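Chain by chain, the residues:
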Amino acid sequence: MKIGIANDHHGVTVKQNLTKKLLELGYDIKDYGTNQEEMVDYPEYAFKIGHAIKNKEIDFGILLCHSGIGMSIACNKVKGVRCAKVSSVWDAEMTRRDNNANVIALSTTLEIDELVKIIDKFLKTEYLNIERYNRRISMIDNYND
């Protein structure tokens, strides 16, 4: 399982610490930046993860910014991405189980240990793959405005 991780300037240190812990848990992590603490535009990094999902370079994505909200909005612009802004272990489980999310966006204000628990739950939770969930995901995937 290949995991992509990206962040804005708020998430550089968090990403470094988080990546270390995830590698210790045996996850294969690919860093999509940024590694600079000078201000950057978060959509650029959200799109990198989104395109990596779309192009099947990674199986799942993790996005880090101050709130997680902007990254989630931006990443969902990429067709085939289902990114959820997640704040708890329960959120992580539900977004995988019911929505088959392939990217999560997280706030850098959460503690590292909590982030690890959330990500681990997200990555270990299987999609239920039942008809009503498939129908709803198909509606989202096929929506054109």
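For the structure, see preceding data.
About the cut-offs
Here, residues in each chain are numbered from 1, in the same order as that chain's written sequence. Reporting in this predicted model follows two pLDDT cut-offs: at least 70 for local features of residues, and 80 or more for side-chain atom pairs to be given and counted; totals over whole chains, interfaces and linings ignore these cut-offs and use all residues. For side-chain calculations, the full set of non-hydrogen atoms in the structure is used, while hydrogens and water are omitted. Simply put, an axis is a line fit to the C-alpha atoms, just over the touching stretch for a helix, and the angle between two N-to-C directions goes from 0 to 180 degrees. To qualify as a helix, a DSSP run of H or I must reach at least 4 residues; to qualify as a strand, a run of E must reach at least 2; elements of each kind are numbered from the N terminus. Roughly parallel refers to an angle under 35 degrees, roughly antiparallel to one over 145, roughly perpendicular to one between 65 and 115, and oblique to any angle outside these ranges. Here is the rule for handedness: rotate from the far helix to the near one, and if that takes an anticlockwise turn smaller than a right angle the crossing is left-handed, while a clockwise turn gives right-handed. Two residues form a contact once any of their heavy atoms are found within 4.5 Å. Only Asp, Glu, Lys and Arg are considered charged, only Ala, Val, Leu, Ile, Met, Phe, Trp, Tyr, Cys and Pro nonpolar, and every remaining residue, Gly among them, polar. Here the expected span of a helix is defined as 1.5 Å times the quantity of residues minus one. Categorising residues by exposure relies on relative accessible area from a 1.4 Å probe, with only protein chains included: less than 20% of the type maximum marks a residue as buried, more than 50% marks it as exposed, and the intermediate range marks it as partly exposed. Think of it as the arc spanned by the lines of direction from the helix axis to the C-beta atoms.

Q: Break down the packing of helix α1 (residues 12-24) against helix α5 (residues 112-124) for me, citing the residues and quoting the values.
A: One way to put it is that α1 packs onto α5 with a least axis distance of 10 Å and a crossing angle of 55 degrees. On the basis of their axis angle, the class for α1 and α5 is oblique. Between α1 and α5 the crossing geometry is right-handed. Taken together, the residues of α5 that come into contact with α1 (itself represented by Val14, Asn17, Leu18, Lys21 and Leu22) are Ile112, Asp113, Leu115, Val116 and Ile119. Classifying every residue of the contact of α1 with α5 gives seven nonpolar, one polar and two charged.

Q: Tell me about α1, and name the residues and values.
A: Along its 13 residues, α1 runs 19 Å from first to last C-alpha, staying within 8% of the 18 Å computed at 1.5 Å per residue. Within α1 the residues assigned to the buried category are Val12, Val14, Lys15, Leu18, Thr19 and Leu22. Within α1, the buried residues cover an arc of 145 degrees as seen down the axis, which keeps them to one side. Residues of α1 that are exposed and point over 90 degrees away from its buried face: Lys20 and Glu24. Residue Gly26 follows α1 closely and has a positive phi angle near 95 degrees.

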